[in-house]
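Overview (structure and organization)
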Amino acid sequence: MTLVGVRVRSWVAATVFTRLTYTGTDDRQVRPPRSGLVLVSDLEDSLSVRDCVVGYSQTYDSRDHDGLAGVLAEDCRVTMQGGRFDGTSYEGREAVLDWLEATWPETPPCIHFTGNSRVWTDAAGAGGRTDYLFVGRQPDGTIRLTGAGQYRDRFMRDGDHWVIEERTVAMLGHPEE
């Protein structure tokens, strides 16, 4: 793939530069995926939205109240689909933080792995979908996959950065099911 005179070896590298014109290896114009959606065109915004997704995961994993508060909009909403919290929804930053912090005592030390992230803008603002894996240390010291799914997000600007306005956590399942 050629990107304004620069050779790019993966689609991932090319998607970061969505503002630039790019062509396929045979010099055909390559359309952005999912016609009807316009990918975030500003590199800074795209990176800031992705940083928000990573920020949520890392601050949850490290039990960082202030860090979590910093990536959630004041009037955010989180809705669960699947897993042990299926059908529950939390409205407002404080309600979301209370719920997340209440899960910490029962959640072993863990790490979120996020990937396959796509960010776009539309008439309503910015949105994104990010796949995740959740791994945790078990009482016997082993590491085990404890959850997987997809974050389906709406983002809004809060000053100079993006925050989660609405998140649906679509879980593939939970070990207790």
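Criteria and thresholds
- Residues numbered from 1 in each chain as written.
- Predicted model: local features only at pLDDT ≥ 70, side-chain atom pairs only at ≥ 80, totals over all residues.
- Heavy atoms only, no water.
- Helix = DSSP H or I, 4+ residues; strand = E, 2+ residues; numbered from the N terminus.
- Buried < 20%, exposed > 50% of the residue type's maximum accessible area, 1.4 Å probe, protein only.
- pLDDT = per-residue confidence, 0-100.
- Contact = heavy atoms within 4.5 Å.
- Phe/Tyr/Trp six-rings, centres within 6.5 Å; stacked < 30°, edge-to-face > 60°.
- Lys NZ or Arg CZ within 6 Å of the ring centre and 35° of its normal.
- Patch = residues over 30% accessible without salt bridge, like charges linked within 9 Å, V, L, I, M, F, W, Y side chains within 5 Å.
- Areas by Shrake-Rupley, 256 points an atom, 1.4 Å probe, with all protein chains shown as cover.
- Salt bridge = Lys/Arg side-chain N within 4 Å of Asp/Glu carboxyl O.
- Arc of directions from axis to C-beta.
- Pairing = 2+ DSSP bridges.
- Lys, Arg positive; Asp, Glu negative; His and termini not counted.
- Charge placed at Lys NZ, Arg CZ, Asp CG, Glu CD.

**A look at unusual backbone geometry**
Positive phi, close to 60 degrees, is recorded for Arg63, a residue that is not glycine. Relative to the elements of secondary structure, Arg63 occurs in the loop between helix H2 (43–61) and helix H3 (65–71). The class of Arg63 is partly exposed, set by a relative accessible area of 26%.

**Some details on the confidence of the model for the chain**
Per-residue pLDDT for the chain averages 80, and the proportion of residues at 70 or more is 73%. Taken element by element, the chain is modelled with least confidence in strand E3 (residues 22–23), mean pLDDT 36, and with most confidence in strand E6 (residues 89–91), mean pLDDT 98. Every residue in residues 1–33 scores below 50 in pLDDT, and together they form 43 contacts with partners more than four places removed in sequence or on other chains.

**Here we look at the packing of aromatic side chains**
Working definition: an aromatic ring pair is given by the centre-to-centre distance plus the angle between the planes. In the structure shown here, the tally under the stated rule is six aromatic pairs. Judged by centre distance (4.5 Å) and plane angle (15 degrees), the rings of Tyr90 and Trp99 are stacked. Across this residue pair, the class does not change: Tyr90 and Trp99 are buried. Among the aromatic residues, ring-to-ring pairing joins Tyr56, Tyr132 and Tyr151 into one connected group. Positioned above the aromatic ring of Tyr60, the side-chain terminus of Arg63 is 6.0 Å from the ring centre. Directly above the ring of Tyr56 sits Arg167, whose terminal nitrogen or CZ lies 4.3 Å from the centroid.

**Observations concerning a nonpolar patch on the surface**
On the surface, a cluster of nonpolar side chains totalling about 370 Å² of accessible area is made up of Ile111, Phe113, Leu133 and Leu145. Relative to the helices and strands, Leu145 is located in strand E9 (residues 143–158).

**Thoughts on helix H4 (residues 93–103)**
Among the residues of H4, Val96, Leu97, Trp99, Leu100 and Thr103 are the ones counted as buried. On an axial view of H4, the arc spanned by its buried residues comes to 165 degrees, and they lie on one face. Next to the buried residues of H4 lie H2, H3, strand E5 (72–81) and E6.

**So, the pairing of E9**
Here 12 bridges tie strand E8 (residues 125–137) to E9, and the two strands are oriented antiparallel to one another. Across the sheet, residue Phe134 finds its bridge partner in E9, namely Gly147. From the end of E8 to the start of E9, which pair antiparallel, there are five residues, and Gly141 there has a positive phi angle of about 90 degrees.

**Section: a negative patch on the surface**
On the surface, a cluster of negative charge is contributed by Glu44, Glu74, Asp75, Glu94, Asp98, Asp158 and Asp160. Only E5 and H4 provide two or more residues apiece to the negative patch. Its place among the elements puts Asp98 in helix H4.

**A closer look at the pattern of salt bridges**
Within the structure shown, the criterion is met by four salt bridges. The salt bridge partner of Arg77 is Glu166, with a shortest N-O separation of 3.1 Å. One end of the pair, Arg77, is in strand E5; the other, Glu166, is in strand E10 (residues 161–173), and 89 residues separate them in sequence. Given the relative accessible area of 28%, Glu166 is considered partly exposed.

**What to know about the side chain of Ser57**
Tracing the sequence through the fold places Ser57 in helix H2. If near-sequence neighbours (up to four positions away) are discounted, Ser57 is found in contact with His112, Thr114 and Tyr151.

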